Amino acid sequence: MKSIEELEKIRRETLEKVNLRKDRNGIRITVGMATCGIAAGARPVMMAILDELGKRNITDVVVAETGCIGMCKYEPMVDVYIPGQEKVTYIKVDENKARQIVAEHVVNGHPIKEWTISNVE
Amino acid sequence: MKELSLYILDIAQNSLKAGAKNIKIELDIDHSKDLLTVIVDDDGCGMEKEFLQKVFDPFTTTRKERKVGLGLSFFKELAQQCGGDAKIESKKGIGTHVEGTFKISSVDLIPIGDIPSTIISLIISDSEVEILFVIKVDEKIFKFDTVEIKKVLDGVKISEPSVLKWLREYLTENLKCVMEV
């Protein structure tokens, strides 16, 4: 059974990693978490993004939530901001897509155009 | 929505929008009374009396993107379907208290669902906010407090992926232990 004491170990390990890395890229991923987003499945999407980042040991990407932007029928929506590039908005994201967005877009730098909002507009 | 934990996330997101610094989530499962109580308490901006009276109406919302707000009205509907009810108390400048009751034996009651993911989502939404989560199942109780966690973390951010991963496992294990009959 996990106890709070174990957290101390995580703290030390994380501290080492944090000291090693420099905030080089400032990539930001946001997930829509209003009622529409939550009902459409935003929470597992967010968990999948976190899990995928964790698996790849990526610690310098900020994951955040955002509210409803009025396009509820396209939820769950995920925005990827990479400094110096235009924001990319993904629509109807599921866990599987979320993992691929992390791999292809965030890690390799290739947005997956078929899943973006610009594909339907 | 298919899980109570998603309703809880939705209500707590309202708390974040209201600028809450502290959110308390309480789940009370009492088999002898056949009663499940869900409480979300916050110290956000609170609501005016006038707004409060119509807050369970789906055509009431503060959002500007669309004219309907479904979260709280769904919650109340579900509670009533399950032989319980939902109530809300709020004071401008002090905070809001949402409470829903459900009959555990009700066939319409949906699973509690993934509470750890709800808590992690809230931490990601705003890592400054303090979350106190308490679950009581008959005699057993489990408390989770981000204030305590942050003390141990001593400067390491609670939103670090490695910390979140550990917290999720910690919550999952302890919840399982409390919920076991």
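The structure we're discussing is the one just above.
Residues numbered from 1 in each chain as written. Chains lettered and ligands numbered in written order. Predicted model: local features only at pLDDT ≥ 70, side-chain atom pairs only at ≥ 80, totals over all residues. Heavy atoms only, no water.

Caption draft 1: Spatial organisation of the overall build of chain B. A count of helical and extended segments in chain B gives 6 helices and 6 strands. Along its sequence from the N terminus, chain B presents helices and strands in the succession α-β-β-α-α-β-β-α-β-β-α-α. A globule of 181 residues ought to have a C-alpha radius of gyration of about 16 Å, and chain B, at 16 Å, matches this closely. In chain B, once contacts between residues fewer than 6 apart in sequence are set aside, the share between residues at least 24 apart is 62%. Of the roughly 8900 Å² of accessible surface on chain B, a fraction of 52% belongs to carbon and sulfur atoms. With 25 positive and 31 negative side-chain charges, chain B shows a separation of 4 Å between the mean positions of the two kinds. (Helix = DSSP H or I, 4+ residues; strand = E, 2+ residues; numbered from the N terminus. Rg over C-alpha atoms; globule rule 2.2 N^0.38 Å. Contact = heavy atoms within 4.5 Å. Areas by Shrake-Rupley, 256 points an atom, 1.4 Å probe, with all protein chains shown as cover. Lys, Arg positive; Asp, Glu negative; His and termini not counted. Charge placed at Lys NZ, Arg CZ, Asp CG, Glu CD.)

Caption draft 2: Structural context of helix H4 (residues 95–107) of chain A. Residues and elements named next belong to chain A. In a regular helix each residue adds 1.5 Å, so 13 residues correspond to 18 Å; H4 covers 17 Å between its end C-alpha atoms and thus fits that length. At Ile101, H4 shows its maximal bend, which comes to roughly 30°. Of the residues making up H4, those classed as buried are Ala98, Ile101, Val102, Ala103, His105 and Val106. Structurally, H4 contributes buried residues whose contacts are with strand E1 (27–32), helix H3 (42–55), strand E2 (61–66), strand E3 (78–81) and strand E4 (88–90). Sitting at the amino-terminal end of H4 is Asp94, which places a side-chain oxygen 3.2 Å from the backbone nitrogen of Asn96. Just downstream of H4, Gly109 is the residue with a positive phi angle, here 80°. (Expected span 1.5 Å × (residues − 1). Bend = angle between axes of the 7 residues up to and from the residue. Buried < 20%, exposed > 50% of the residue type's maximum accessible area, 1.4 Å probe, protein only. Polar contact = N/O pair within 3.5 Å; in protein donor to acceptor, adjacent residues only side chain to side chain.)

Caption draft 3: How the structure looks around the interface of chain B and chain A. Across the contact, 37 residues belong to chain B and 34 residues belong to chain A. Roughly 3200 Å² of surface becomes buried between chain B and chain A when both sides are summed, with 65% attributable to carbon and sulfur atoms. Area buried by chain B at its contact with chain A is led by B:Ile124, B:Val152 and B:Trp166, which between them contribute 19% of it. Taken together, the links from chain B to chain A amount to 5 salt bridges. Connecting chain B to chain A are 8 residue pairs in polar contact (both at pLDDT 80 or more). (Buried area = accessible area lost by both parts, 1.4 Å probe. Salt bridge = Lys/Arg side-chain N within 4 Å of Asp/Glu carboxyl O.)

Caption draft 4: Molecular detail of unusual backbone geometry. Cis geometry is found at the peptide bond from A:Glu75 to A:Pro76, where omega equals -5°. In this model, A:Lys92 sits at a positive phi of 45°, which is unusual for a non-glycine residue. Judged by relative accessible area, which is 47%, A:Lys92 ranks as partly exposed. One non-glycine residue, B:Asp34, adopts positive backbone phi at about 55°. With respect to the helices and strands, B:Asp34 occurs in the loop between strand E1 (22–30) and strand E2 (35–42).

Caption draft 5: Structural context of helix H5 (residues 146–153) of chain B. All names here are of chain B. Burial in H5 covers these residues: Thr146, Ile149 and Leu153. Seen from one end, H5 has its buried residues packed into an arc of 55°, which puts them on one side. At the N-terminal boundary of H5, the capping side chain belongs to Asp145, with an oxygen 3.0 Å from the backbone nitrogen of Val147. (Arc of directions from axis to C-beta.)

Caption draft 6: Fine view of the nonpolar core. Core analysis: the largest hydrophobic core is formed by 87 residues, its most contacted members being A:Ile49 and B:Phe133. Apart from residues lying up to four places away in sequence, B:Phe133 is in contact with B:Ile25, B:Leu27, B:Ile115, B:Ile119, B:Phe142, B:Lys143, B:Phe144 and B:Leu175. (Core = buried A, V, L, I, M, F, W, Y, C linked by side-chain atoms within 4.5 Å.)

Caption draft 7: The arrangement of the layout of surface pockets in detail. Residue and element names in this part refer to chain B. Taken as a whole, the largest pocket spans an internal volume of roughly 790 Å³. Taken together, 33 residues line the largest pocket, and the ones lying closest to its centre are Asn14, Lys17, Phe51, Thr61 and Thr62. Listed by contribution, the elements that provide at least two residues to the lining of the largest pocket are helix H1 (4–17), E2, helix H3 (71–81) and strand E4 (95–103). Broken down by element, the residue count for the lining of the largest pocket peaks at 6 residues, all from H1. Residue composition of the lining of the largest pocket, grouped by class: 14 nonpolar, 12 polar and 7 charged. (1 Å grid on protein atoms, 1.4 Å probe; cavity = no way out; pocket = protein on both sides within 12 Å on 5 of 7 lines; lining within 4 Å. Points joined across faces, edges and corners; volume = space filled by probe spheres on them. Nonpolar A, V, L, I, M, F, W, Y, C, P; charged D, E, K, R; others polar.)

Caption draft 8: Region of interest: the packing of aromatic side chains. Residue and element names in this part refer to chain B. This structure, assessed with the given rule, holds 5 aromatic pairs over all chains. Look at Phe144 and Tyr170: their rings are 6.4 Å apart centre to centre, the planes differ by 45°, and that puts the pair in the tilted class. Of this pair, Phe144 sits in strand E6 (residues 140–145) while Tyr170 sits in helix H6 (residues 161–179); the two residues are 26 residues apart in sequence, bridging distant segments of the chain. In this pair, the class of Phe144 matches that of Tyr170, namely buried. When the centroid spacing of 4.9 Å and the interplanar angle of 10° are considered together, the rings of Trp166 and Tyr170 count as stacked. Residue Trp166 and its partner Tyr170 are both found in helix H6; the two are separated by 4 residues, about one turn of the helix. (Phe/Tyr/Trp six-rings, centres within 6.5 Å; stacked < 30°, edge-to-face > 60°.)

Caption draft 9: Expanded view of empty space enclosed by the protein. Residues and elements named next belong to chain A. Taken as a whole and assessed by the stated rule, the structure comprises 1 cavity of 30 Å³ or more. There is about 60 Å³ of room inside the largest cavity. Along the walls of the largest cavity sit Thr30, Gly32, Thr66, Gly67, Ile69, Glu75, Met77, Val78, Asp79 and Thr89, which together make up its complete lining. Where the lining of the largest cavity is concerned, the elements lending two or more residues are E1 and E3. The class makeup of the residues in the lining of the largest cavity is 3 nonpolar, 5 polar and 2 charged.

As far as function goes, none of this settles anything; it's purely spatial.
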